[in-house]
Amino acid sequence: MDILRRIELLLNDPIFNKHMQRNAELEIEPQFCRHDIHHHIDVARIAYILVLEHNDLNYFVKEADLTGRLAAKEVIYAAGLLHDIAKWKEYEAGAEHAAIGARIAREILPRVFFNPHEVDIICQAVYEHRNISRDMSFLGERIHRADNLSRVCIKCEHRMACPKVKNKEITITAFEY
């Protein structure tokens, strides 16, 4: 069994939890999707599943020059857990949460023993997760897809008023990537 020690440290990190708390405080009113720990864990797990389903784990290890499969899994999970860490800044000041989130991630990740190379990979994915593009990184694209797949819009009672639903397919085929 793989023990994700750095992910456990991340989940217990006081700076990580401070930002997650700010997300919760500023999402009391919105009726739409929350950016709580459940969403972050869903995105991390779905991103990892996407990599596994396409048999891309060994590719990612080599492409990202990581030390092995466990390191790759921790990098994927860390990106998923951190992708919306600064969503509260968007609510509070209209700031771009992906860019701020990448800066916050850069502060947290060394504290939980990610090396500088891994920090760069994770922060790039956090920065890129908002908009799909031809030039995005392997992990950025997986986090983007996982973020979209993490929401089951077809069953949401608020989907007709949701500002994001127009950019998402809300049929069961949305689960096929």
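Scroll up a little and you will see the structure.
Quantities reported herein were computed from a predicted structural model and do not represent experimental measurements.

Novice: Explain the environment of Ile 85 to me, please; I cannot follow it from the model alone.
Specialist: For Ile 85, the position within the fold is in the loop between α5 (69-82) and α6 (87-93). The exposure class assigned to Ile 85 is buried, which follows from its relative accessible area of 0%. Each C-alpha atom of the pair Ile 85 and His 19 lies 6.0 Å from the other, and the pair is 66 residues apart in sequence.

Novice: Would you mind showing me how to read the nonpolar core here?
Specialist: Counting 46 residues, the largest nonpolar core has Phe 60, Leu 82, Leu 109, Phe 114, Ile 122 and Leu 139 as the members making the most contacts within it. Top element by residues in this core is α5. It accounts for eight residues. When neighbours within four sequence positions are excluded, Phe 60 is seen to be in contact with Asp 65, Leu 66, Ala 72, Val 75, Ile 76, Ile 121, Phe 138 and Leu 139.

Novice: What is the right way to read the pattern of salt bridges from this model?
Specialist: Pairing of side chains with opposite charge becomes possible as their charged atoms draw close. Overall, the coordinates contain 11 salt bridges when judged by the stated rule. Measuring nitrogen to oxygen at the nearest pair gives 2.8 Å for the salt bridge that ties Glu 74 to Arg 6. Residue Glu 74 is found in helix α5, and its partner Arg 6 is found in helix α1 (residues 5-12); the two are separated by 68 residues along the sequence. In this structure Arg 6 comes out as buried when scored by relative accessible area, which is 13%. A cluster of three or more residues bridged by salt bridges with shared partners is formed by Asp 56, Glu 141, Arg 142 and Arg 145.

Novice: Help me understand the packing of aromatic side chains in this model?
Specialist: Both the distance between ring centres and the angle between the ring planes are used here to describe each pair of aromatic rings. For the coordinates displayed, the defined rule picks out three aromatic pairs. Judged by centre distance (5.8 Å) and plane angle (55°), the ring pair of Tyr 48 and Tyr 77 falls under tilted. Residue Tyr 48 is found in helix α3 (residues 37-53), and its partner Tyr 77 is found in helix α5; the two are separated by 29 residues along the sequence. The exposure classification of Tyr 48 matches that of Tyr 77, with both residues buried. Between Phe 60 and Phe 138 the ring centres are 5.3 Å apart and the planes differ by 25°, which places this aromatic pair in the stacked class. Residue Phe 60 is found in helix α4 (residues 57-63), and its partner Phe 138 is found in helix α9 (residues 138-149); the two are separated by 78 residues along the sequence. For Phe 138, a relative accessible area of 11% corresponds to the buried category. For Arg 6, the ring lying beneath its charged end belongs to Phe 114, and the centroid distance is 4.1 Å.

Novice: Teacher, can you tell me more about helix α7 (residues 97-108) here?
Specialist: Residue pairs spaced three or four apart in an α-helix point in one direction, given the helix's 3.6 residues per turn. Over its 12 residues, α7 extends 16 Å from the first C-alpha to the last, a length consistent with the 16 Å expected when each residue adds 1.5 Å. Across the 12 residues that make up α7, a large majority, nine, are buried. Burial in α7 covers these residues: His 97, Ala 98, Ala 99, Ile 100, Gly 101, Ala 102, Ile 104, Ala 105 and Ile 108. In this structure Glu 96 caps α7, since a side-chain oxygen of it lies 3.1 Å from the backbone nitrogen of Ala 98.

Thresholds, definitions, all that
Position numbers for residues start from 1 in each chain and track the written sequence from start to end. Selection of residues for local features in this predicted model requires a pLDDT of at least 70, selection of side-chain atom pairs for listing and counting requires 80 or more, and totals for whole chains, interfaces and linings are taken over all residues. To get the side-chain values, all heavy atoms of the structure are used, and hydrogens and water are removed first. Each helix is a run of DSSP H or I of at least 4 residues and each strand a run of E of at least 2, with the numbering of both proceeding from the N terminus. Exposure categories follow from relative accessible area, calculated using a 1.4 Å probe and restricted to protein chains: below 20% of the type maximum is buried, above 50% is exposed, and the middle band is partly exposed. Buried Ala, Val, Leu, Ile, Met, Phe, Trp, Tyr and Cys residues that are joined via side-chain atoms within 4.5 Å together make up what is termed a nonpolar core. Pairs of residues are marked as contacts when any of their non-hydrogen atoms sit within 4.5 Å. Salt bridges, as used here, are contacts in which a Lys or Arg side-chain nitrogen is within 4 Å of a carboxyl oxygen on Asp or Glu. A pair of aromatic rings is counted whenever rings of Phe, Tyr or Trp (Trp by its six-membered ring) have centres within 6.5 Å, and the orientation is called stacked for planes under 30 degrees apart, edge-to-face for over 60 and tilted otherwise. Two thresholds decide whether a charge sits over a ring: the Lys NZ or Arg CZ must be within 6 Å of the ring centre and within 35 degrees of the ring normal. For a helix, the expected span equals 1.5 Å multiplied by the number of residues minus one. The definition of a polar contact used here is a pair of N or O atoms within 3.5 Å, where within protein one atom must be able to donate a hydrogen and the other to accept one, and adjacent residues in sequence count solely through side-chain atom pairs.

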